[in-house]
Every structure is written in structure tokens, then in C-alpha cells.
Amino acid sequence: MDLSLIPSAISSAYGSVQEWIFANLVGPLLYQFDLMSWAEDAFDGIDWFLFGCVQILLIMFVLRTWERFNPAEVQERFASSTKADIFYTLLHRLGIFHGLIFIMLSGFFFEIDSILHDFRFDRFNVENWWPGVTTIPVVSFFLYLVLLDFVDYLYHRASHTFHGWWQLHALHHSQTVMTAWSDNRNHFLDELMHAVAMSFFALLFGVSPGQFIVLVALSQFIQSWQHANIKVHLGLARYLLISPMYHRLHHAVGYGHEAIGKPGVLGGCNFGILFPWWDMAFKTVIFPKAVYPTGVRNLAVSQNVITQQWQGLVHAFRELFPK
């Protein structure tokens, strides 16, 4: 992982922990099962795991505490529906989807790079845009963050546009007790498609594996904050970063998933992931002043994760093949 954006003392401690885990846990297992050819990928996988652990600790002790002191709405301390959200968070934040998909696609890109080069096609490495400026790690990191955020906005809008796809994405919107755990409440198929899309464009843009891990981890934690039950508007900064109140409106019944004034018709507002600029540019933005109930009209889902996944597949199948 590229540790150039992290203070040296922290990066040194992080590297020591990563090496210890590999030397004492992962490495011996790979050797035992004759899988040492996977050593490099497994070492990178520890990055995903460690960053996920950090995020989970921050959600538990920072965001959940923040929710208690400045809630957007009154909630029971630990709703039964939150248990499923915690399971999804543990599964996704530890790198199961993004890490594996990125590794798989990176091999694919390596194979076709030479073919694309024959057609004079190169990846859109932002480091080459303005040598001396975009080669600065902080600058290139921010540019990649913006590019991937735009891709994520388009992906998100598409999931609200096609009815079969929406039946999968509706699971994410079904939570009526939104908390800092709610971001990863997604259908596995939708999450898999999202991981493939984001990994594909990250590789197309020239994002290195180390950068990609940090980009995803930062984006994920910000999204946990945005889903949290926190009454924060950000004032003038709301034009620079999406706030919890901004994103809560995207989850509001009758606002986030329906065309305004046309209940039941797919539409919505505030599709942005990190930055509100795309909503502003495509006129899908509403800066809220009040707190609205969240959820999907006329949709009730089980609290069981397996049942939730099955319900999403059944609804999507019925939408795609109504007869």
C-alpha cells in the first residue's frame, strides 16, 4: 500500500502490524496449503482487512457516540433491524468484494494492456496530466477521488432508473432506522456489480492498488458518516461535501426513490456519493431543512440477511420477467 499520505510514525506502526500478521498468521497458512504463489495478493489483502478494522472501530466509538449527542431523529438504542446492517458492514469493510475484484481485474488489465497499447490507448493516469503538479501524491489522490465519485454517481443513478436493478438496490433504502451501520445494507449481487464497475474504472484511470485501497476506505468511512443518525447540514460547506442530512433526504420516503409528485414512479434526488457537484450539475439536488422518515413506500423486508437477499432476487426476477 502507498503510505506516502500517512504520517511516518503511523505508517511505520501500520507496516509492523501488517508484517506481523503475514509472518505469523497468513504466511504459514499459505505455506501449509501450498499457496505461496498468492503471497503478494494475500499481503495486499491484509491492507483491506486492517483498514476495515479501523473503520469499524471508528463507527463503533466515534460515529455511534456522535449519534447519541446530536441525533437527527429519536431512535431506540439498538433496533433489531440494525443487527443485519452490522453483519453487512463487517462483511464488506474487510475487503471481501472490492479487494478480490480489484485483484482479479488487475490481472485481466495486465493481459490486455499490450493489445490496447497497439491501438495507442493508454490508461488515463492523472499523474501524466500536468507533470510536477498532478504527480504530487495528494493532488493525484484527490483527482482520482473526484473521477471515481463521478462514476459512482452515474452508477447510483442507474440503479434508480432500471426497475429490475432498483429491486436489488431497494434493500439499501429499506432501512427505517438509519444509523452509521446502514451504508453496507446492500444486495450481494448489486454490491458485486458495483465492485466490478468501480474496480474497472479505477484500473482504467490508472489507480494503483495502494491508492485504490485508501480511496475506497476513505470513501466508505465518509459514507458511514453520511448514513449516521446525525443532524449535520455543514452550512456553506454543504456545497463541498455531502452531509448526513443531505443523504438522509435521499433515503426519505417519497423523496429519495420516487419522482417528486409521482408516487411509485422511479426517480429521486441527492444521488451524490461524496460531493454534491454532480447533483447540482444534473439538477437532482435538494438541500433539506427538515428530517423525514426513511424507507421505501409499500416495501417491508425481513430482518434475516438470507431472506433479504432472496426477496431482492425474487422481486428483481418478477420485474424483469413479469409473465
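It should be noted that the structure appears before, not after, this text.
Throughout what follows, the structure given in this document is the object of discussion.

Attention shifts here to the packing of aromatic side chains. Centre distance and the angle of the planes are the two values used to describe a pair of aromatic rings. Within the structure shown, the criterion is met by 21 aromatic pairs. Relative to Trp 165, the ring of Tyr 155 has its centre 4.9 Å away and its plane inclined at 80°; by these criteria the two rings are edge-to-face. Linking Tyr 155 in helix H5 (residues 137–159) with Trp 165 in helix H6 (residues 163–173), this pair joins segments that are 10 residues apart in sequence. Judged by its relative accessible area of 13%, Tyr 155 falls in the buried class. Relative to Phe 287, the ring of Tyr 239 has its centre 5.1 Å away and its plane inclined at 70°; by these criteria the two rings are edge-to-face. Residue Tyr 239 is found in the loop between helix H8 (209–227) and helix H9 (244–250), and its partner Phe 287 is found in the loop between helix H10 (277–281) and helix H11 (305–320); the two are separated by 48 residues along the sequence. The partly exposed category is assigned to Tyr 239, whose relative accessible area is 33%. Cluster of aromatic residues (ring-pair linked, three or more members): Phe 142, Phe 150, Tyr 153, Phe 271, Phe 275, Trp 277, Trp 278 and Phe 282. Sitting over the face of the ring of Phe 287, Arg 238 holds its NZ or CZ atom 5.5 Å from the ring centroid.

Right, let's talk about the pairing of strand S2 (residues 262–266) for a bit. Remark: a regular strand shows side chains that alternate across the two faces of the sheet. Both strand S1 (residues 258–259) and S2 contribute to a ladder of two bridges, which runs antiparallel. Across the sheet, residue Glu 258 finds its bridge partner in S2, namely Leu 266. What sits between the antiparallel neighbours S1 and S2 is a turn of two residues, in which Gly 261 has the positive phi angle 85°.

Right, let's get into a nonpolar patch on the surface. Nonpolar side chains collect at one region of the surface, where Val 54, Leu 57, Leu 58, Met 60, Phe 61, Val 62 and Trp 66 lie side by side and expose about 620 Å² of accessible area between them. Within the secondary structure, Trp 66 is located in helix H2 (residues 39–69). Residue class for Trp 66 comes out partly exposed when judged on its relative accessible area of 34%.

Calculation rules
Residues numbered from 1 in each chain as written. Predicted model: local features only at pLDDT ≥ 70, side-chain atom pairs only at ≥ 80, totals over all residues. Heavy atoms only, no water. Phe/Tyr/Trp six-rings, centres within 6.5 Å; stacked < 30°, edge-to-face > 60°. Helix = DSSP H or I, 4+ residues; strand = E, 2+ residues; numbered from the N terminus. Buried < 20%, exposed > 50% of the residue type's maximum accessible area, 1.4 Å probe, protein only. Lys NZ or Arg CZ within 6 Å of the ring centre and 35° of its normal. Pairing = 2+ DSSP bridges. Patch = residues over 30% accessible without salt bridge, like charges linked within 9 Å, V, L, I, M, F, W, Y side chains within 5 Å. Areas by Shrake-Rupley, 256 points an atom, 1.4 Å probe, with all protein chains shown as cover. Salt bridge = Lys/Arg side-chain N within 4 Å of Asp/Glu carboxyl O.

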